[in-house]
Amino acid sequence: MQLLSSHRSFDGSQKRYSHSSTSLNCEMNFSIFLPPDALQASQAPRAALPQASNGGKVPAVYWLSGLTCTDENFSVKAGAQRVAAALGIALVIPDTSPRGEGVARAPDAAYDLGLGAGFYVNATQEPWSRHYRMYDYVVDELPSLIERCFPVNDRRSICGHSMGGHGALMIALRNPARYRSVSAFAPIVNPITSPWGKKAFSHYLGNDVKSWWGYDTTLLLEAAHASDHLPMLIDQGDADEFLAEQLKIERFIAACKAANYPAQINIREGYDHSYFFISTFIENHLRFHAKALID
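Residues numbered from 1 in each chain as written. Predicted model: local features only at pLDDT ≥ 70, side-chain atom pairs only at ≥ 80, totals over all residues. Heavy atoms only, no water.

Turning our eyes to something else, we now look at the packing of aromatic side chains. Going through the model one piece at a time under the given rule, you end up with 17 aromatic pairs. Ring geometry for Tyr 135 versus Tyr 215: centroids 6.1 Å apart, planes at 75 degrees, classification edge-to-face. Within this pair, whereas Tyr 135 is found in helix α4 (residues 134-149), its partner Tyr 215 is found in the loop between α6 (195-205) and α7 (217-223), the two being separated by 80 residues in sequence. Across the pair, exposure class does not vary: Tyr 135 and Tyr 215 are buried alike. Three or more aromatic residues link up through ring pairs in this structure, and these residues are Trp 63, Phe 74, Phe 185, Tyr 271, Phe 277 and Phe 281. The side chain of Arg 174 reaches across the aromatic face of Tyr 135, ending 4.4 Å from its centre. (Phe/Tyr/Trp six-rings, centres within 6.5 Å; stacked < 30°, edge-to-face > 60°. Helix = DSSP H or I, 4+ residues; strand = E, 2+ residues; numbered from the N terminus. Buried < 20%, exposed > 50% of the residue type's maximum accessible area, 1.4 Å probe, protein only. Lys NZ or Arg CZ within 6 Å of the ring centre and 35° of its normal.)

The subject of this paragraph is α6. Along α6, the positions that sit buried rather than exposed are Trp 196, Gly 197, Ala 200, Phe 201, Tyr 204 and Leu 205. One side of α6 holds all its buried residues, which, seen down the axis, span an arc of 105 degrees. Buried positions along α6 lie against α5 (163-174) and α8 (243-247). Downstream of α6 by one or two residues, Gly 206 has phi in the positive range, about 100 degrees. (Arc of directions from axis to C-beta. Contact = heavy atoms within 4.5 Å.)

Across seven bridges, strand β1 (residues 2-9) lies against strand β2 (residues 12-21) in antiparallel orientation. Counted as the bridge partner of Ser 9 is Gly 12 from β2. Between β1 and β2, which follow one another and run antiparallel, lie two residues, and Phe 10 among them has a positive phi close to 50 degrees. (Pairing = 2+ DSSP bridges.)

Turning to unusual backbone geometry, a few remarks are in order. Pro 127 follows Glu 126 through a cis peptide bond whose omega is 0 degrees. Considering the arrangement of structural elements, one finds Pro 127 in the loop between β5 (90-94) and α4. Positive phi, close to 65 degrees, is recorded for Asp 11, a residue that is not glycine. What makes Asp 11 exposed here is its relative accessible area of 53%.

What follows is about the sheet that holds β1. Neighbouring strands of a sheet are bound in pairs by backbone hydrogen bonds; such pairs are parallel or else antiparallel. Taken together, nine strands build an open sheet; the order of strands is β1-β2-β3-β5-β4-β6-β7-β8-β9 and the sheet is mixed. Where the open sheet ends on each side, the last strands, each with one partner, are β1 and β9 (263-268). Neighbour-to-neighbour, the strand axes of this sheet turn through a mean angle of 20 degrees, independent of strand direction. Of the strands in this sheet, β8 (232-237) and β9 are in contact with helix α9 (residues 249-259), which crosses β9 at around 150 degrees. (Axes fitted to C-alpha atoms, helices over the stretch in contact; angles between N-to-C directions.)

Inspection of the secondary structure assignment puts Asn 122 in the loop between β5 and α4. Excluding residues within four positions of it along the chain, Asn 122 makes contact with Tyr 132, Arg 133, Met 134, Tyr 135, Asp 136, Leu 205 and Tyr 215. There is a polar contact of 2.9 Å between the side chain of Asn 122 and the side chain of Asp 136. (Polar contact = N/O pair within 3.5 Å; in protein donor to acceptor, adjacent residues only side chain to side chain.)

Turning our attention to the pattern of salt bridges. One side chain can pair with another of opposite charge once the charged atoms of both are near each other. Applying the stated rule across the entire model yields nine salt bridges. For Asp 71, the salt bridge identified is with Arg 16, shortest N-O distance 2.7 Å. Placement of the pair is Asp 71 in the loop between β4 (58-64) and α2 (72-77) and Arg 16 in strand β2, with a sequence separation of 55 residues. Residue Asp 71 is classed as buried on the basis of its relative accessible area, which comes to 0%. The class of Arg 16 is buried, set by a relative accessible area of 16%. What emerges from the salt-bridge pattern is a single network uniting Arg 16, Asp 71 and Glu 72. (Salt bridge = Lys/Arg side-chain N within 4 Å of Asp/Glu carboxyl O.)

Right, here's the structure in full:
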């Protein structure tokens, strides 16, 4: 790994790194906030950490960002470091897609396909399949790297916004044993019916809609076994300009009721799709995750 930047924040440290990803076949950036407890355990990443009662390690919340974002949007705009420092939780923020020379991109430079729009799936279609394997990267490669090289343990929660909300919910529902809790802001909950989802999935996964089903949060929730239910929190603004056409939260609410999935879903009056919305409620989400992460 190469350290790109480091900033002291609430007695912890906000860092940014690049590394070579085997899942994505390119260089990737990620950001990580280490709270004071973790910073005291290790001032720099290393291959192995001393094994004390808990090894000085802290749990982590993985944040998945939305369309057009990088790993820096959340770390700069959300204001999450103060709460994460107080709770003793690390924040891990990957990029939203592979990047770099040779990585496929939309021919028309569209914001909703290619760079900045990985949709957290494993692409099966050319030219995307060589690099666009964000599902493997988020689920396996990045946590393995984080837990090996930083004072972070394997107690994980996951959350995200918009496309990243889709990714967080989808990944948690497919891997309930890997996460303690899941939350989302304004998620794309039924991407197989959303214009954003249809465009991305048809390019990345092909035209057989059945191949899309395993990445659709609403369908995954309908099939979830009761023993795999996770604590789930969703916030959605009722003034979100993408609510009706792209996000379709009403379908997810109906699926939760039909499946008796105990999700907490808040419709927030007057809030839109922006980071003003996220920064208003991020403390609620981190405290929600802390209850699941910290005994």
